[in-house]
Amino acid sequence: MQNIKKASQLKITTVMKNMEKRGFQSHYCETKEDAAKMALSLIQDNQLVSWGGSATINQLGIKDALKERTVTIIDPYATNDLLESTERKRQSLLADVFLMSSNAVTMEGELVNIDGTSNRVAALCFGPRKVIVIIGSNKIVATREDALSRAEESAAIPNAVRLNRNTPCTVTGFCSHCLSKDCICCNVVMTRYCSTPGRIEVIFVNDSLGF
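All values derive from a computational prediction rather than experimental measurement.

### Considerations on the overall build of the chain
Looking only at helices and strands, the chain features 8 helices and 10 strands. The C-alpha atoms of the chain give a radius of gyration of 17 Å, which matches the 17 Å a tight globule of 211 residues would have. Over its C-alpha atoms, taken along the principal directions, the chain stretches across nearly 40 × 40 × 35 Å. When the 211 residues of the chain are sorted by exposure, 48% land in the buried category. Taking contacts inside the chain between residues at least 6 apart in sequence as the whole, the part at least 24 apart equals 75%. About 10600 Å² of surface is accessible on the chain, with carbon and sulfur atoms providing 52% of the total. Mean positive and mean negative side-chain charge positions of the chain (25 and 22 charges, respectively) differ by 2 Å.

### What about unusual backbone geometry?
Trans peptide bonds make up the majority, and among non-glycine residues the majority have a negative phi. With phi around 70 degrees, N46 is a residue other than glycine that occupies positive phi space. Examined against the element boundaries, N46 turns out to sit in the loop between α2 (32–41) and β2 (48–51). Among the residues examined, N46 registers a relative accessible area of 63% and is labelled exposed.

### Let's talk about the pairing of strand β6 (residues 111–115)
Where burial is concerned, most of β6 is hidden: 5 out of the 5 residues are buried. Across the two faces of β6 the burial is the same, with L111, N113 and D115 and V112 and I114 all buried. As judged from the 2 bridges shared by strand β5 (residues 104–106) and β6, these two strands associate in the antiparallel manner. The residue of β6 that forms the bridge with A104 is V112. Turn length for the β5-β6 hairpin, with the two strands adjacent in sequence and antiparallel, is 4 residues, and the turn residue G109 shows positive phi of about 90 degrees. Sheet topology note: the β6/strand β9 (residues 187–191) ladder contains 5 bridges and is antiparallel. Bridge pairing links N113 to V189 in β9.

### A look at helix α7 (residues 144–162)
Over its 19 residues, α7 extends 26 Å from the first C-alpha to the last, a length consistent with the 27 Å expected when each residue adds 1.5 Å. Of all the bends in α7, the largest measures some 35 degrees and sits at A156, one to four residues before the proline P158. Turning to α7, its buried residues number three or more, namely A147, R150, A151, E152, A155, A156, I157, N159 and A160. Residues of α7 that are buried make contact with β5, β6, β8 (140–141) and α8 (169–172). Immediately beyond the C-terminal end of α7, within one or two residues, lies N164, with a positive phi of roughly 55 degrees.

### What about the nonpolar core?
Core analysis: the largest hydrophobic core is formed by 21 residues, its most contacted members being I62, L66, L99, I132 and I134. Here the element with the most residues in this core is α2; it accounts for 4 residues. For L99, the contacting residues outside a window of four places in its chain are I43, V49, S50, W51, G52, I57, I62, L66 and I132.

### Details of the sheet that holds strand β1 (residues 25–29)
Reading across from one edge, β1-β10-β7-β4-β2-β3 is the order of the 6 strands in this open sheet, with parallel pairing throughout. Looking at strand neighbours, the two that pair on one side only are β1 and β3 (72–74), the edges of this open sheet. Shown here is a sheet whose adjacent strand axes are inclined to one another by a mean of 20 degrees, direction ignored. Note: β2 against β3, 3 bridges, orientation parallel. Looking across to β3, one finds that S50 is bridged to I74. Helix-sheet contacts for α2 involve β1, β7 (130–136) and β10 (200–205), and the interaxial angle to β10 is about 160 degrees.

### Describing the side chain of R150
Along the chain, R150 turns up in helix α7. The side chain of R150 is buried and forms no salt bridge, while D146, the nearest opposite charge, is found at 10 Å. At 2.7 Å, the side chain of R150 forms a polar contact with the backbone oxygen of N103.

### Remarks on the pattern of salt bridges
Tallied over the entire structure, the rule returns 10 salt bridges. Between D64 and K67 there is a salt bridge, and its shortest N-O distance comes to 3.9 Å. Of this pair, D64 and K67 both sit in helix α4 (residues 62–67), 3 residues apart, roughly one helical turn. Salt bridges here are not isolated pairs; linked through shared partners, they connect R22, E110 and R144.

The rules behind these values
Residues numbered from 1 in each chain as written. Predicted model: local features only at pLDDT ≥ 70, side-chain atom pairs only at ≥ 80, totals over all residues. Heavy atoms only, no water. Helix = DSSP H or I, 4+ residues; strand = E, 2+ residues; numbered from the N terminus. Rg over C-alpha atoms; globule rule 2.2 N^0.38 Å. Buried < 20%, exposed > 50% of the residue type's maximum accessible area, 1.4 Å probe, protein only. Contact = heavy atoms within 4.5 Å. Areas by Shrake-Rupley, 256 points an atom, 1.4 Å probe, with all protein chains shown as cover. Lys, Arg positive; Asp, Glu negative; His and termini not counted. Charge placed at Lys NZ, Arg CZ, Asp CG, Glu CD. Pairing = 2+ DSSP bridges. Expected span 1.5 Å × (residues − 1). Bend = angle between axes of the 7 residues up to and from the residue. Core = buried A, V, L, I, M, F, W, Y, C linked by side-chain atoms within 4.5 Å. Axes fitted to C-alpha atoms, helices over the stretch in contact; angles between N-to-C directions. Salt bridge = Lys/Arg side-chain N within 4 Å of Asp/Glu carboxyl O. Polar contact = N/O pair within 3.5 Å; in protein donor to acceptor, adjacent residues only side chain to side chain.

The following block contains the structure:
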């Protein structure tokens, strides 16, 4: 197990070096507890904070910790009213800090994401002053093709199951690139460069997190 963790650390270090060439700021954390502390340290009091749908963020307990802080929170997922949720997603694009994970990251340091509503990838591309992306070591892949495959198979299908979507993949367990009205693979976004240096901060965790 220790050798696996060490090998994973070496892989993360390589990715971080490549991301820094692309304008991303990156951090290494050994545990998810350290990652939560790091993310919270990057958020200042009195800031407006929001997030995208993310199993990783939920695992880290960051949302509950922020509720104890002097920050303003926009939580699109704290309401069952679809119109209200959509409006909060729109408002979140003006947040000071936006929290999310990524479906995959290549060894060259490119982020690859699939999104249904697409508020998450929209915020990643433009809007919030700072985007904090927390990524477990399980999401690192070799190439762009591997990243897309991981996003479609390892991320989209479990999410479709979680959301009770009526899509072919929730029946077969395989992505068929469907055009179902319940499809959550509406937009595929590759972020290969951060044109505003430091706007996107990536926290790598030497552990398996999220889908």
